[in-house]
Amino acid sequence: MKMPAPDRKTLARRAEIARALAAIVPGEGVITDPLSLKAYETDGLTAYRQTPLLVVLPETTEQVSKILKWCGENQVRVVPRGAGTSLSGGALPLEDGIVLGLGRFNRVLEIDYDNRCCVVQPGVTNLAITRAVEDAGFYYAPDPSSQIACSIGGNVAENSGGVHCLK
């Protein structure tokens, strides 16, 4: 597999992009340090590695909306990422793109037992869903090996979950 060629103009604007996104996600919400970026250079498919332009870690949906709007208007590629456990390369970064880390979105918002439905944020792990419903005798049943690390956002994005899941 060959990753797309990076846009050199975008690479040259790295500092500008980092400043603009730091204005949206202040504090430690933008990662630019080369050593820290190494944690995001691959997902579970470790045969392919590419350091992203930078990583943004929003905490609110408003921040996500502003990030995506800014990136769209400024032609900056975006790769969303949850836990980074994908074995199919679903969250491989781009050299000229940002990684939009959604791991901070980790709350169970609503549980509807009668309709067997949970409303959760994308960073909620499979195990957290099980823990949220187990007192009522329920269990979220993707592959047990994915319980601790995998997130529901990745399950949905990658149509994954393992051998215990049914559509």
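Bear in mind that the values here come from a model prediction, so they are computed numbers and not experimental data. Position labels on residues start from 1 in each chain and follow its written sequence. pLDDT decides what is reported in this predicted model: residues at 70 or higher carry local features, side-chain atom pairs at 80 or more are listed and counted, and totals for whole chains, interfaces and linings draw on all residues regardless. Only hydrogens and water are removed before side-chain values are computed, so all heavy atoms of the structure are retained for them.

**Some points on the pairing of strand S6 (residues 117–120)**
- Bridge analysis of strand S5 (residues 108–112) against S6 gives 4 bridges, and the strand direction is antiparallel. Bridge assignment links Val108 to a residue of S6, and that residue is Val120.
- Connecting S5 to the next strand, S6, in antiparallel fashion are 4 residues, including Arg116 with a positive phi near 55°. Strand pairing is defined by DSSP finding a minimum of two bridges between the two strands. A run of H or I in DSSP becomes a helix once it reaches four residues, and a run of E becomes a strand once it reaches two; helices and strands are each numbered from the N terminus.

**Observations regarding the pattern of salt bridges**
- For salt bridges, the criterion is a side-chain nitrogen of Lys or Arg within 4 Å of an Asp or Glu carboxyl oxygen. Applying the stated criterion across every chain yields a total of 8 salt bridges.
- Across the pair Lys38 and Glu41 runs a salt bridge, and its minimum N-O distance is 3.2 Å.
- Classification of Lys38 by relative accessible area gives partly exposed; the value is 45%.
- Several salt bridges share partner residues, and in doing so they unite Lys38, Glu41 and Arg49 into one network. For each residue, the accessible area found with a 1.4 Å probe, counting protein chains only, is set against the maximum for its type, and the residue is called buried under 20%, exposed over 50%, and partly exposed in between.

**Describing the sheet that holds strand S1 (residues 30–31)**
- Taken in spatial order, the 4 strands line up as S1-S2-S4-S3 in an open sheet, and their pairing is mixed. Two strands lie at the open edges of the sheet, namely S1 and strand S3 (77–81), each paired on one side alone.
- Where strand S2 (residues 54–56) lies against strand S4 (residues 97–101), 3 bridges are found, and the strand directions are parallel. Looking at the pairing, Val56 lines up with Leu100 of S4.
- Contacting S2, S3 and S4, helix H4 (residues 61–73) crosses the sheet at an angle of about 170° to S4. Any two residues whose heavy atoms approach within 4.5 Å at even a single point are treated as in contact. The axes are straight lines fitted to the C-alpha atoms, using for helices just the contacting stretch, and the angles between their N-to-C directions are given from 0 to 180°.

**What about the environment of Arg81?**
- Tracing the sequence through the fold places Arg81 in strand S3.
- Sequence separation of Arg81 and Leu92 is 11 residues, and the distance between their C-alpha atoms is 8.5 Å.
- Beyond its immediate chain neighbours, meaning those up to four positions away, Arg81 contacts Ala39, Tyr40, Thr42, Asp43, Ala91, Val99, Leu100, Gly101, Leu102 and Gly103.
- Any N or O atom pair separated by 3.5 Å or less is treated as a polar contact, with the protein-specific requirement of one donor-capable and one acceptor-capable atom, and with residues adjacent in sequence counted only for side-chain atom pairs. Separated by 2.9 Å, the side chain of Arg81 and the backbone oxygen of Thr42 make a polar contact.

**Points about the packing of helix H2 (residues 14–24) against H4**
- At their nearest, the axes of H2 and H4 sit 9 Å apart, and the two run at 155° to each other. Between H2 and H4, the angle is such that the two are roughly antiparallel. For the pair H2 and H4, the sense of crossing is right-handed. Where H2 approaches H4, its residues Glu16, Ile17, Ala20, Leu21 and Ile24 are matched on the opposing element by Gln63, Lys66, Ile67, Trp70 and Cys71.
- For the contact of H2 with H4, a count of residues per class yields 7 nonpolar, 1 polar and 2 charged. Roughly parallel means an angle under 35 degrees; roughly antiparallel means over 145; roughly perpendicular covers 65 to 115; every other angle is labelled oblique. Note on convention: the crossing is left-handed when the near helix lies turned anticlockwise from the far helix by less than a right angle, right-handed when the turn is clockwise. When residues are sorted by character, Ala, Val, Leu, Ile, Met, Phe, Trp, Tyr, Cys and Pro go into the nonpolar class, Asp, Glu, Lys and Arg into the charged class, and all the rest, Gly among them, into the polar class.

Purely geometric numbers; function is a separate question.
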